[in-house]
Amino acid sequence: MARYTGPVCRLCRREGMKLFLKGDRCYTDQCAINKRNYAPGQHGQSRKKVTEYGMQLREKQKVRRFYGISESQMVKYFIMADKMRGITGENLLKILELRLDNVVYRMGFASSRAEARQLVTHGHFLVNGSKVDIPSVILSVGDVVEIKERTRGSEKIKSLVENHNGNTVKWINVDIDQLKGSIVAEPTREDIDIPVEEHLIVELYSK
């Protein structure tokens, strides 16, 4: 399935909640949810009966849109999570959190996951000293992510540093002066602030 390239605010409206896909705009009155808090389309405001399958599908789509991944990637991550020890749903979210683009976003080096994905794709980050331009790379405890030396003087990076609030997740340690961060622990379910019922996704894929 190809990546969605349409207006991302429609995705938030379809899920009925903010997915924070446009960075700072999501925190302003310009957010589409504040203006039209109903699903897009001709029948967006009509009431619909939600089936069990529909609930499971919506949770899966919500997670896909939060992290900006395709259906094939979602299936691959679910298979990985199902083979790991522990709770499959929590394993799935842990894998998604450890994607390079999400880690860059969590470190505060991008205003949204989409922007983080673009910066990674353009080769602006090093992982353990080597350039990595694949956003889907899964990182591990001990990995160090830093902004390339040549990129540090850009206006975009300077703006991110100036506006960095230092409030990163506890499983990542960020040194804003050195423009780098390291993963100090694996994320737990309590660390992941995505409002999703992951057990519904497990039920959907287990059918």
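An account of the accompanying structure is given in this report. (Residues numbered from 1 in each chain as written. Predicted model: local features only at pLDDT ≥ 70, side-chain atom pairs only at ≥ 80, totals over all residues. Heavy atoms only, no water.)

### Section: helix H9 (residues 198-205)
Then, number 1: Residues Glu198, Leu200, Ile201 and Leu204 constitute the buried set of H9. Relative to the axis of H9, the buried residues are bounded by an arc of 150° and lie together on one face.
Then, number 2: The inward-facing, buried residues of H9 abut helix H3 (52-67), helix H4 (71-83) and helix H5 (88-97). (Buried < 20%, exposed > 50% of the residue type's maximum accessible area, 1.4 Å probe, protein only. Helix = DSSP H or I, 4+ residues; strand = E, 2+ residues; numbered from the N terminus. Arc of directions from axis to C-beta. Contact = heavy atoms within 4.5 Å.)

### Structural notes on the packing of H4 against H5
Then, number 1: Running from N to C, H4 and H5 cross one another at 125°; their axes reach a closest spacing of 8 Å. By the angle between their axes, H4 is oblique relative to H5. Read as a crossing pair, H4 and H5 show a hand that is right-handed. For the pair H4 and H5, contact is made by Met74, Tyr77, Phe78, Met80, Ala81 and Asp82 and by Thr88, Asn91, Leu92, Ile95 and Leu96, respectively.
Then, number 2: Classifying every residue of the contact of H4 with H5 by side-chain character gives 8 nonpolar, 2 polar and 1 charged. (Axes fitted to C-alpha atoms, helices over the stretch in contact; angles between N-to-C directions. Parallel < 35°, antiparallel > 145°, perpendicular 65-115°, else oblique. Left-handed = near helix turned anticlockwise from the far one by under 90°. Nonpolar A, V, L, I, M, F, W, Y, C, P; charged D, E, K, R; others polar.)

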